[in-house]
Amino acid sequence: MERQIQQLRESAAKLIGAATDLKELDNVRVKILGKKGELTGLLRGMSQLSAEERPKIGKIVNEARAQIEQLIADKNSELKAQDLQNKLASEKIDVTLPGRKIHCGHLHPLTLTLNRVKEIFINMGYSVEEGPEVETDYFNFEALNLPKDHPAREMQDSFYITEEILLRTQTSPVQARTMQKNPPNTPIRMIAPGRVYRRDDYDASHAPMFTQVEGLVVDKGITFADLKGTLDFFCKQFFGENAQIRMRPSFFPFTEPSTEVDVSCPICHGKSADCKVCHGSGWLEILGAGEVHPDVLKMSGYNPEIVSGFAFGMGVERICMIKYAIDDLRMFFENDVRFLSQF
Ligand code: DAH
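Residues numbered from 1 in each chain as written. Predicted model: local features only at pLDDT ≥ 70, side-chain atom pairs only at ≥ 80, totals over all residues. Heavy atoms only, no water.

What about the site of the ligand?
No. 1: By nearness alone, 16 residues border the ligand, and Q170, Q175, R198, Q212 and E214 come closest of all.
No. 2: Within the side chain of Q175, an N or O atom sits 3.0 Å from an oxygen atom of the ligand.
No. 3: Here the ligand loses 93% of its free accessible area of 350 Å² to cover by the protein chains.
No. 4: Listing elements by their share of the shell around the ligand, those giving two or more residues are β5 (209-219), β8 (283-292) and β9 (308-315).
No. 5: Among the residues forming the shell around the ligand, the class breakdown is five nonpolar, nine polar and two charged. (Near = heavy atom within 4 Å. Polar contact = N/O pair within 3.5 Å; in protein donor to acceptor, adjacent residues only side chain to side chain. Areas by Shrake-Rupley, 256 points an atom, 1.4 Å probe, with all protein chains shown as cover. Helix = DSSP H or I, 4+ residues; strand = E, 2+ residues; numbered from the N terminus. Nonpolar A, V, L, I, M, F, W, Y, C, P; charged D, E, K, R; others polar.)

What to know about the sheet that holds strand β4 (residues 188-197)
No. 1: Pairing is mixed across the open sheet formed by seven strands, whose spatial order is β1-β4-β5-β9-β8-β7-β6. Among the strands making up the open sheet, the edge pair consists of β1 (127-128) and β6 (245-252).
No. 2: Bridge count between β4 and β5: ten bridges; the pairing is antiparallel. Residue pairing in the sheet places G194 in a bridge with Q212 of β5. (Pairing = 2+ DSSP bridges.)

So, the side chain of S308
No. 1: By the secondary structure assignment, S308 is in strand β9.
No. 2: Among the polar contacts made by the side chain of S308, one reaches the main-chain carbonyl oxygen of I222 at a distance of 2.7 Å.
No. 3: The contacts of S308, once residues within four sequence positions are left out, are V217, V218, D219, G221, I222 and L297. (Contact = heavy atoms within 4.5 Å.)

Brief notes about a negative patch on the surface
No. 1: A cluster of acidic side chains, namely E154, D157, D200 and D201, defines a negative patch on the protein surface.
No. 2: Within the element layout of this structure, D157 appears in the loop between α6 (137-140) and β3 (165-167).
No. 3: Taking relative accessible area as the criterion, D157 reaches 42% and is therefore assigned partly exposed. (Patch = residues over 30% accessible without salt bridge, like charges linked within 9 Å, V, L, I, M, F, W, Y side chains within 5 Å. Salt bridge = Lys/Arg side-chain N within 4 Å of Asp/Glu carboxyl O. Lys, Arg positive; Asp, Glu negative; His and termini not counted. Charge placed at Lys NZ, Arg CZ, Asp CG, Glu CD. Buried < 20%, exposed > 50% of the residue type's maximum accessible area, 1.4 Å probe, protein only.)

Overview of the pairing of β5
No. 1: Counting buried residues in β5 gives nine out of eleven residues, a clear majority hidden from the surface.
No. 2: By the bridge criterion, eight bridges tie β5 to β9 in an arrangement that is antiparallel. Along β9, the bridge assignment pairs L216 with A311.

Side note on the environment of A207
No. 1: In this structure, A207 sits in the loop between β4 and β5.
No. 2: Residue A207 is classed as buried on the basis of its relative accessible area of 3%.
No. 3: Separated by 123 residues in the primary sequence, A207 and R330 place their C-alpha atoms 7.6 Å from one another.

What about helix α1 (residues 2-18)?
No. 1: For α1, spanning 17 residues, the distance from its first C-alpha to its last is 25 Å, which sits close to the expected 24 Å at 1.5 Å a residue.
No. 2: Taken together, the buried positions of α1 are I5, L8, A12 and I16. Angular distribution of buried residues about the axis of α1 spans 60°; they occupy a single face of the element. Facing away from the buried side of α1, by more than 90 degrees, are the exposed residues R3, K14 and A18. (Expected span 1.5 Å × (residues − 1). Arc of directions from axis to C-beta.)

Put into C-alpha cells, the structure is as follows:
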C-alpha cells in the first residue's frame, strides 16, 4: 500500500508538471483527488487494513494528499500568471502611435479656380449665366459676326452634329443668348463659365474639351478703359497684388477693337530667364477681349447708337496652370490623386 501511494505521488507530480493550461490541470486534479479519483480509491482500500496499520497508512495518505494539493495550487498560480502575461502581451496597445488618417476628398482644381473667378466677378456685381454645350451654328458663329463662309471660323475646328448644330467652340454664344433674353438695351454685367469643344490634339497644351469664362458688359457709355480696369482688377485679385496686365492688338470678329491680354508671370515676376512657366518672357496670355462689335449688338436687338460694351473670354485651365505652375494640361483630366491632392 505504501508503495502504491508513493507511485501515485510520483505520477501525480509528473502529470501536474506537464499540464500546460488550467483546464488540463483541473483534469489532473479530478483524476487524482476527485470522488472517483485514484487517491480516493486508495483511501477506500484502507478498510481492508488491520487496526494497527490503518492510522499509519492514513497519515501517509493525508500527507500525500496535502502534497499533491500543494503542487496543484502552485501550478495553478504559475499557469494563471502565465495566462495574464500572454494576455498583456497580445492585447498591448501603443497609445503613443499617431492616429490613422482619414482621407477626405475635395473639389477639383478647376472647380476651385472657377469658384474663385465667379467670386471675384460676383463681388463686382456680375451675374452668372449659362448656355448649352450643344449649340446652334447661329449662336456659336452667326450671331457673333461669323457668317457661314467666314474664314475666321477656321480658327476653331468644330465638332458638328448636324449642319446647324455643333458642340460650342467657345462660351461667346452666351453673349448673344443673354442679350436676346433681355428687352433691347437692358444693361448687362455677366460672366458665363462652361465647357467648350474643339477638334484639337490632346497634348500638354491642347485638349478637345476645356473650360472658358466669358464676360459681357453692356450699358450706356462703356469704354475700352472700363475693360482694361476690370481685367487689371481681376488679375490682381486672382494672381496677387503685384500682377500687371499687358494688352496686345488682335482680331476677333465679334469685337472691335480687339485685344489679347497677358498677365505678368506670377511665378518669377519676369526675373528668371529659365522660369518653368513664362520661359523668361515674363508674360503669359490669358484671354481675348475687346469692345463689342456694333453688328453683334444689332443682331441681338441692341442699339449701338445708344449702348456700348466690352467682352472677354478666358481659359480657365490656363489661369489655373499659371497660378500653380502646372506644366501639363492633361493633369486636369487624368485624375491622378497624387496631383489632385495637392490643392
Ligand atoms: N471666344 C474667343 C475664343 O475662344 C475668346 C474671346 C475673345 C472672347 C474676344 C471674347 C472676346 O468675348 O471679346 O478664342
